[in-house]
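Structure assessment
Listed below, chain by chain, are the residues.
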Amino acid sequence: MIYILKGDIRTGKTTALLNWIEKRNDVDGLLCPDNENGKRYFLKVKSSEEFEFETEQEPEKTITIGRFHFLKSAFDEANDYLISKGKAQKSKYLIIDELGKLELQHTGLDDAAKVLIPDCIFNDKNHLIVVIRTSLIEKVVEHYQIKSYTLITKEDLAKECFA
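Now for a look at the structure at hand. Every value quoted in this text rests on a predicted model; they were computed, and no experiment measured them.

Considering all chains together, one arrives at zero disulfides under this definition. The cysteine C32 is free of any disulfide, with C120 supplying the nearest cysteine sulfur at 18 Å. For C32, a relative accessible area of 13% corresponds to the buried category. By relative accessible area, C120 is classed as buried at 8%.

Our next topic: the nonpolar core. The nonpolar side chains of a soluble globular protein tend to be buried, and buried together. Counting residues in each nonpolar core, the largest one holds 36 residues, and the members touching the most others are I2, F42, L99, I117 and L128. Of all the secondary-structure elements, those providing two or more residues to this core are β1 (2-7), β6 (62-65), α2 (72-88), β8 (93-97), α4 (110-120), β9 (127-133) and α5 (137-143). Looking at this core element by element, the count peaks at six residues for α2. When neighbours within four sequence positions are excluded, I117 is seen to be in contact with I2, L99, L128, Y144 and I146. Residues Y3, L31, V45 and I129 belong to the second largest nonpolar core, which totals 17 residues.

With that out of the way, let us pick up the packing of aromatic side chains. Scanning all chains against the criterion turns up eight aromatic pairs. With a centroid separation of 5.2 Å and 80° between ring planes, the pair formed by W20 and Y93 is classed as edge-to-face. Of this pair, W20 sits in helix α1 (residues 13-21) while Y93 sits in strand β8, and the two are 73 residues apart along the sequence. Side by side, W20 and Y93 carry an identical accessibility label, which is buried. Centre to centre, the rings of F42 and F75 are 5.5 Å apart; their planes meet at 85°, and the pair counts as edge-to-face. Note that F42 is positioned in strand β3 (residues 41-44) and F75 in helix α2, a separation of 33 residues in sequence. For F42, a relative accessible area of 0% gives the class buried. On the accessibility criterion, F75 (4% relative accessible area) is buried. Note that R40 overlies the ring of F68, its terminal NZ or CZ placed 4.7 Å from the centroid.

What follows covers the layout of surface pockets. By volume, the largest pocket amounts to about 820 Å³. Along the wall of the largest pocket there are 30 residues; nearest its centre are I9, R10, R40, E98 and R133. For the lining of the largest pocket, the elements supplying multiple residues, two or more each, are α1, β7 (68-71) and α3 (101-104). When the residues that make up the lining of the largest pocket are grouped by side-chain class, the tally is twelve nonpolar, seven polar and eleven charged. Empty space within the second largest pocket amounts to approximately 190 Å³. Around the second largest pocket, the lining comprises 15 residues; the ones closest to its centre are K85, Q89, K90, S91 and L94. Here the lining of the second largest pocket takes three residues from α2, the largest share from any one element.

Thresholds applied
In every chain, residue numbers begin from 1 and rise along the written sequence. At least 70 in pLDDT is required for a residue's local features to be given in this predicted model, at least 80 for side-chain atom pairs to be given and counted, and no such filter applies to totals for whole chains, interfaces and linings, which use all residues. Working from all heavy atoms in the structure, the side-chain values ignore hydrogens and water. Disulfides are defined as cysteine sulfur pairs within 2.5 Å. Buried residues are those whose accessible area, probed at 1.4 Å on protein chains only, stays under 20% of the maximum for their type, while exposed residues exceed 50% and partly exposed ones sit between those limits. Only buried Ala, Val, Leu, Ile, Met, Phe, Trp, Tyr and Cys residues count toward a nonpolar core, and they belong to the same one when joined by side-chain atoms within 4.5 Å. A helix here means a DSSP run of H or I that spans at least four residues, while a strand means a run of E at least two residues long, and both kinds are numbered starting from the N terminus. Contacts are residue-level and defined by heavy atoms, with any inter-residue pair within 4.5 Å sufficient. Pairing of aromatic rings covers Phe, Tyr and Trp, the last counted by its six-membered ring, and requires centre-to-centre distances within 6.5 Å; plane angles under 30 degrees mean stacked, over 60 mean edge-to-face, and any other angle means tilted. Over a ring means this: the NZ of a Lys or the CZ of an Arg is within 6 Å of the ring centre and within 35 degrees of the ring normal. Site definitions follow a grid-based scheme: protein atoms alone, a 1 Å grid, a 1.4 Å probe that fits but cannot get out for cavities, and for pockets an open set with protein on both sides within 12 Å along at least five of seven lines, plus lining residues having an atom within 4 Å of a point. Grid points are joined across faces, edges and corners, and a volume is the space filled by probe spheres set on the points. Amino acids are sorted into nonpolar (Ala, Val, Leu, Ile, Met, Phe, Trp, Tyr, Cys and Pro), charged (Asp, Glu, Lys and Arg) and polar (every other residue, Gly among them).

Set out below in structure tokens:
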């Protein structure tokens, strides 16, 4: 089953997921919270391991979208991690935070999404939660040909009414 956590930019989707996973032991994947300096990083859900992906520099090994620069090596690590966790299927829920403009350009977490989405569309045992800003849902659903999904909000996470 695929759940799409929808919401506008900077409205607390990742924070809601952080709060939701505190009470669970059947979740893995990657979240993208902000650090104390406002820079985003990847957080491995199960291990709480963090690794940087947003940088202020614009070296040749970055992916740039708007005013943001992201380390390509971090996305390589993130894709590998998500794909390996999806293949292992040890957790009921796997999170991808988030699918958006980068993925629509076949970069960012696109590699993981292309592998994990088809595996989870009609799977009743393993669920994929993807975070997508509201304005991009239609484009992302079309891009990945997601035929079946359930939209959820951060309020649904708080009530745990979708699980």
